Amino acid sequence: MEESLTEELLLEDRKAVINRMMDLHGQDTLQLVYSYVKNKEIAEDLTQEIFIKCYKSLHQFNRKAKLKTWLWRIAVNHCKDYLRSWHYRNMKVADEQARSAASLREDVENKVIQQEEDEQLASAVMDLPDIYREVIYLYFFEEHPIKEISYMINLNQNTVKTRLKRAKELLKERLEE
């Protein structure tokens, strides 16, 4: 196949050569370009630019290497030029800033939501009857083990466990409303 391309090139049918090159090596070239830029749309644009560049400089092909090797050399150099370009560097910085701003907005949003949920939970805990509120507070907010809680409030450990269970059920009901 490579020989037929060079024969067509000898016959000066550049359009046929480029069309065949795109058919034979287009997908491979696109994958190569994508490996450099890691963006499908940019890779597609650069691949088109590469084939345009090949079309314009086809007369410079000196047959010292295979046509595919020559194409890939152009592709690699074009990708490196793109990665060094002002446009890429500034677009990359702008993308990072946009992602950073979006991330910051999400963080603020998440903090506001979390604060709202914490306030709802605290309010629901405060609305519990005293016998449930004290075990919830000691267990979850002060992080005391059940054994210590039973000693502090002078109750059997099983009673503390039961109150914790009932308090959780009450909280779940109130928070789902």
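The structure we're discussing is the one just above.
To start, this report covers the structure provided alongside it. The residue numbering used here restarts from 1 in each chain and proceeds along that chain's sequence as written. Selection of residues for local features in this predicted model requires a pLDDT of at least 70, selection of side-chain atom pairs for listing and counting requires 80 or more, and totals for whole chains, interfaces and linings are taken over all residues. By convention in this description, side-chain values take in all heavy atoms of the structure and omit both hydrogens and water.

1. Some thoughts on a nonpolar patch on the surface
So, step 1. A cluster of nonpolar side chains, L121, Y137, F140, F141 and L175, forms an exposed patch at the surface whose accessible area comes to about 460 Å².
So, step 2. Sort the elements by how many residues they give to the nonpolar patch and helix 6 (residues 130-141) lands first, with three residues.
So, step 3. Within the fold, F141 resides in helix 6.
So, step 4. Each residue gets one of three labels from its accessible area relative to the maximum for its type: buried under 20%, exposed over 50%, partly exposed in between, using a 1.4 Å probe on protein chains only. Judged by its relative accessible area of 43%, F141 falls in the partly exposed class. Surface patches are drawn from residues lacking salt bridges whose relative accessible area is over 30%; two like charges belong together within 9 Å, two nonpolar side chains (Val, Leu, Ile, Met, Phe, Trp, Tyr) within 5 Å. Residue burial considers only the protein chains on display, and all accessible areas are found by Shrake-Rupley using a 1.4 Å probe. Think of a salt bridge as a Lys or Arg side-chain nitrogen and an Asp or Glu carboxyl oxygen that are within 4 Å of each other. Comment: elements are numbered from the N terminus, with helices defined as DSSP H or I runs of at least four residues and strands as E runs of at least two.

2. Focus: the packing of helix 2 (residues 14-37) against helix 3 (residues 40-57)
So, step 1. Note on method: axes are straight lines fitted to C-alpha atoms, helices fitted across the in-contact stretch only, with angles between N-to-C directions ranging 0 to 180 degrees. For the pair helix 2 and helix 3, interaxial distance at closest approach is 8 Å and the crossing angle is 145°. When you trace helix 2 past helix 3, the crossing you get is right-handed. Across from R14, K15, I18, M21, M22, H25, G26, T29, L30, V33, Y34 and V37 in helix 2, the residues of helix 3 making contact are K40, I42, A43, E44, L46, T47, I50, F51, C54 and Y55.
So, step 2. Along the lines of polarity and charge, the residues of the contact of helix 2 with helix 3 split into 14 nonpolar, four polar and four charged. Take the far helix as your reference; a near helix turned counterclockwise from it by less than a right angle gives a left-handed crossing, and one turned clockwise gives a right-handed crossing. Residue contacts are defined here by distance: any two heavy atoms, one from each residue, within 4.5 Å place the two residues in contact. Residues were grouped as follows: Ala, Val, Leu, Ile, Met, Phe, Trp, Tyr, Cys and Pro as nonpolar; Asp, Glu, Lys and Arg as charged; and all remaining residues, including Gly, as polar.

3. Remarks on helix 3
So, step 1. For a helix, the expected span equals 1.5 Å multiplied by the number of residues minus one. Between its first and last C-alpha atoms helix 3 spans 26 Å; for 18 residues at 1.5 Å apiece the expected length is 26 Å, and the two agree.
So, step 2. Turning to helix 3, its buried residues are A43, L46, T47, I50, F51, C54 and S57. Buried residues of helix 3, seen end-on, are gathered within an arc of 140° and therefore sit on one face of the element. With respect to the buried face of helix 3, the exposed residues turned more than 90 degrees away are E41, Q48 and K56.
So, step 3. Where the residues of helix 3 are buried, they touch helix 2 and helix 4 (67-84).
So, step 4. Where helix 3 starts, the residue carrying a side-chain oxygen 3.0 Å from the main-chain nitrogen of E41 turns out to be N39. As used here, the arc is the angular range of directions from the helix axis to the C-beta atoms. In the analysis that follows, any N or O atom pair within 3.5 Å is treated as a polar contact, provided that within protein one partner can donate a hydrogen and the other can accept it, and provided that, for residues neighboring in sequence, both atoms belong to side chains.

4. A closer look at the side chain of T29
So, step 1. Along the polypeptide, T29 turns up in helix 2.
So, step 2. Discounting chain neighbours no more than four positions away, the residues touching T29 are T47, I50, F51, L71, W72 and A75.

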